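Remarks on the overall topology
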Amino acid sequence: MERRSFVSKAGLAGVLAAGVAPAVHAQATLRWRLASAFPKALDTIYGAAEVFSKKLAEMSGGKFQVSVHAGGELMPPFGVVDGVQNGTVEMAHTAPYYHFGKDETFALGCAIPFGLNSRQMTAWQYEGNGLKLMREFYRNYNIIHFPMGNTGAQMGGWYRKEIKTVADIKGLKMRIGGFSGKVLERMGGVPQNIPGGEVYAALEKGTIDAAEWVGPYDDLKLGFFKVAPFYMYPGWWEGGPQLDLYINTKAYDGLPAEYKAMVDAASAYAHTEMQARYDARNPAALTQLLANKTKLVQMPIPVMDLAFKESMALYDEISAKNPNWKKVYTDYAAFRKESNRWFRYTEAIFDRYMQSKITSL
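Residues numbered from 1 in each chain as written. Predicted model: local features only at pLDDT ≥ 70, side-chain atom pairs only at ≥ 80, totals over all residues. Heavy atoms only, no water.

1. Considerations on the pairing of strand 2 (residues 64-69)
What counts is decided by this rule: In this scheme, strands are said to pair when DSSP sees at least two bridges between them. Numbering goes from the N terminus for both helices and strands, where a helix is a DSSP run of H or I of at least four residues and a strand is a run of E of at least two. By definition, the crossover connecting two strands over a helix is right-handed if that path, from the first strand to the second, turns clockwise as seen with the strands pointing away from the viewer.
The pairing of strand 1 (residues 30-36) with strand 2 spans six bridges and is classified as parallel. From the neighbouring strand, Arg-33 faces strand 2, where its bridge partner is Ser-67. Handedness of the crossover joining strand 1 and strand 2 through helix 4 (residues 43-59) is recorded here as right-handed.

2. Description of the UniProt feature "binding site: Na(+)" (unreviewed entry) in the protein chain
Put simply, the test is: UniProt positions are given in the numbering used here, feature names are shortened, and annotations may be inferred rather than shown by experiment. Throughout, exposure labels follow a simple rule: accessible area from a 1.4 Å probe, protein chains only, divided by the maximum for the residue type, with under 20% read as buried, over 50% as exposed, and the rest as partly exposed. Any two residues having at least one pair of non-hydrogen atoms within 4.5 Å are treated as being in contact.
In this numbering, the UniProt entry assigns the feature "binding site: Na(+)" (unreviewed entry) to Trp-213. Its location among the elements puts Trp-213 in the loop between strand 8 (210-211) and helix 11 (216-222). Judged by relative accessible area, Trp-213 falls into the buried class, the value being 15%. If sequence neighbours within four positions are ignored, Trp-213 has contacts with Leu-42, Gln-154, Arg-175, Gly-196, Asp-218, Asp-219, Leu-222, Phe-224 and Glu-238.

3. A short note on the sheet that holds strand 2
Strand pairs in the sheet, formed through backbone hydrogen bonds, run parallel or antiparallel to each other. As a reminder of what qualifies: Under this scheme, a helix contributes an axis fitted over its contacting stretch, all axes are lines through C-alpha atoms, and angles between N-to-C directions fall in the 0 to 180 degree range.
One open sheet accounts for five strands, arranged 2-1-3-10-4; its pairing is mixed. Among the strands making up the open sheet, the edge pair consists of strand 2 and strand 4 (143-150). Neighbour-to-neighbour, the strand axes of the sheet open up by a mean angle of 25 degrees, direction not taken into account. Together, strand 4 and strand 10 (242-248) form the strand contacts of helix 7 (residues 118-126), whose direction differs from that of strand 4 by roughly 155 degrees.

Structure follows, in structure tokens:
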């Protein structure tokens, strides 16, 4: 368990025992707004902000209130960085890679193709240099960030026709996240940037050939299995995408020390909670999808190899022209190398063995 998550899970009783209560009660009630980049229908991703808000209210004895607003309610989902930067809202909850158009470095705060998995990402943020480096970068946008959620490794998307060879990628029109789309384009595919609410119709009409979203729990809700039977894995572009809480630096700096500690603890709690929800809900959702004749197919290794090659080439090109990216990615890549060297002897082998035995019982 992460140390900050542990602190938050101790609850209000622990905070009171630490002697924080008198200072909290001396504070005036604070009301902030949080703009989410997600719709309420996606209760796991959107729900992380609600978990955070509830925990913050509990720890402050109701003195620190944060209202959570779904994507599009206060501003466009992709406009939350501008909203926090300009002080339109105090907080936002988003997937940082949505904003790579401002600077590719945003993607390193979330996920890049063949990047860190969920546990590695959390380790890099809390125990490596991730938190420090990303906060230095976000300072350019008047933002301080806190890790607040991770989906875990995602699926590789829904396809109208099975991908069997590298040649099948040529001309493939796929709804895929912007930064990952750069890699797909280098492979000969045609990335499409389509809002989540319009993906089903595009697949059904054949406007696109494939689409990726998250994983079984969210994908089942969106009904993709009805119009694209092939569900491929893994999502090599999202091995452990982290969601972030963004806070306007001026607003954050104006908080008393107790409230800053509560923000830290509540966001860490929500970070752990979101991953737990996905891990608990995806298995049953996958069973349901298979019962609806979904065809589960592994991504061909030659396709993965080409994607890996093009991803590494892309990162070198960005490093040559973007000093922000180069500074963060150099550290990120070193951490990725060392972490995978360790994981290959422990987690990977243990998980593979258990999966071969337990699932057959």
